[in-house]
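Working through the structure, step by step
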Amino acid sequence: MGVGYDSDENTVEECPLADGLRLVAKQELREDDVIRTHSLRAMRNWIRKHPDIVNCRTDAPFLLRFLRTKKFSVPMAQDMLERYLVIRQLYPQWFSKLDVDDPVISDILDSGYLVPLPGRDEFGRCVMFSCAGRFDPYKYTSADMARVHALIGESLMDDAENQIKGYSYVNDESGLLMGHMTLWSFSDLKRIIRCLQSSTPMRHKSTYFINVPNFADKFFTATVSFLNSKLKSRVKFYSGQKDIQKFIDPKYLPKEYGGEIPLATMIVELKKKLRAKREMLMALDDMKINVNGKGKIISEFDDMQKELTGSFRKLEVD
């Protein structure tokens, strides 16, 4: 069953946490040694008995992604894990072959389009920093963009501090072109947002957009409308980078944004870390679930497509 690990359902891993992190886990996620051990055993037993799961990681860092995201509600964590496995098979163009040495992925990483910052925000969250103007929408596809996000996200998800404290996103939209907005169809955009909301084990805590050009206002309004109410409330728009410095220590921003470390240095360090995890990242493709074409997950995506079709028809009539 395991990919990279083959943990027996009765195995109890040591999951040491620093005192401060242990306190946050207890207060926010209800986590303690007893709940964690019981939940890990329940998850492994469920995976072992699941009629459709052919292969899945069962190590503690992987399973704790889902348990911590769902605050140790085992049924909700199981549902998210099943969704995670299904979407990886439904949309391999977005979630598979996450290879840092793939020429396209490597080039996009070198551009500085997306980097995790070296320091955390005021709440100790991992900060993902992106700059739209560094992604060439006429050279690369939406699938290329998705795979870069998936690669970096997967490389961070096993980290206990990231699992417990979550993620913040800073998106600089300066340099945005019409090509960026036509890169994604609305159906694919809503589909991938659905994947990120319901199937990706990450605690999305805050999202900041800066320097959004006026011509893109309607596009961003439509994109945010696809989010659930909780994530909508965590999206903020600001006019410039100085506003972001209220939430993130400026020294952790790229030097080009008033920080201390050049973006090029951040990119070099990022690629080193990704290469160190390359075997694990590539092995994710070994996981497999038999997708039930009549199951609830497929039905939800089919219903979403019908909703979109209906909306587009209404727009045409109007």
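For the structure itself, consult the block above.
The structure contained in this document is the topic of the report that follows.

What counts and what doesn't
- Residues numbered from 1 in each chain as written.
- Predicted model: local features only at pLDDT ≥ 70, side-chain atom pairs only at ≥ 80, totals over all residues.
- Heavy atoms only, no water.
- Pairing = 2+ DSSP bridges.
- Helix = DSSP H or I, 4+ residues; strand = E, 2+ residues; numbered from the N terminus.
- Axes fitted to C-alpha atoms, helices over the stretch in contact; angles between N-to-C directions.
- Parallel < 35°, antiparallel > 145°, perpendicular 65-115°, else oblique.
- Contact = heavy atoms within 4.5 Å.
- Nonpolar A, V, L, I, M, F, W, Y, C, P; charged D, E, K, R; others polar.
- Phe/Tyr/Trp six-rings, centres within 6.5 Å; stacked < 30°, edge-to-face > 60°.
- Buried < 20%, exposed > 50% of the residue type's maximum accessible area, 1.4 Å probe, protein only.
- Core = buried A, V, L, I, M, F, W, Y, C linked by side-chain atoms within 4.5 Å.
- Salt bridge = Lys/Arg side-chain N within 4 Å of Asp/Glu carboxyl O.

Examining the sheet that holds strand β2 (residues 114-116)
Across a sheet, paired strands are connected by hydrogen bonds in the backbone, their directions being either parallel or antiparallel. Read from one edge to the other, the open sheet built from 5 strands follows the order β2-β3-β4-β5-β6, with strand pairing classed as mixed. Only two strands of the sheet have a single partner each, and these edge strands are β2 and β6 (235-238). The average undirected angle you get between the axes of adjacent strands in this sheet is 15 degrees. Judged from the 6 bridges that link them, strand β4 (residues 167-172) and strand β5 (residues 204-210) form a sheet pairing that is parallel. Across the sheet, the residue bridging to Val-170 is Tyr-208, located in β5.

Quick word on the packing of helix α6 (residues 103-111) against helix α7 (residues 142-156)
It is the contact of α6 with α7, at a shortest axis distance of 10 Å, that shows an interaxial angle of 75 degrees. Taken together, the axes of α6 and α7 lie roughly perpendicular to each other. Contacts between α6 and α7 pair Val-104, Ile-105, Ile-108 and Leu-109 from the former with Asp-144, Arg-147, Val-148, Leu-151 and Ile-152 from the latter. Looking at the contact of α6 with α7 residue by residue, the class counts come to 7 nonpolar, no polar and 2 charged.

Digging into the packing of aromatic side chains
Counted under the stated rule, the structure contains 18 aromatic pairs. Aromatic pair Phe-62 and Tyr-84: ring centres 5.9 Å apart, planes at 65 degrees, arrangement edge-to-face. Of this pair, Phe-62 sits in helix α3 (residues 60-69) while Tyr-84 sits in helix α4 (residues 74-90), and the two are 22 residues apart along the sequence. Phe-62 gets classed as buried once you look at its relative accessible area, which sits at 0%.

Remarks on the nonpolar core
Counting 95 residues, the largest nonpolar core has Leu-81, Trp-94 and Leu-109 as the members making the most contacts within it. Each residue touching Leu-109, except ones within four places of it in the same chain, is listed here: Val-100, Val-148, Leu-151, Ile-152, Ile-267, Leu-270, Lys-271 and Leu-274.

Brief notes about the pattern of salt bridges
Applying the stated criterion across every chain, the model contains 24 salt bridges. The salt bridge involving Glu-154 is made with Arg-65; its shortest N-O contact spans 2.8 Å. Within this pair, whereas Glu-154 is found in helix α7, its partner Arg-65 is found in helix α3, the two being separated by 89 residues in sequence. The two residues Glu-154 and Arg-65 agree in class, both being buried. When the shortest N-O distance is used, the salt bridge between Arg-83 and Asp-79 registers 2.8 Å. Of the two residues, Arg-83 and Asp-79 both sit in helix α4, 4 residues apart, roughly one turn of that helix. Classification of Asp-79 as partly exposed rests on a relative accessible area of 22%.

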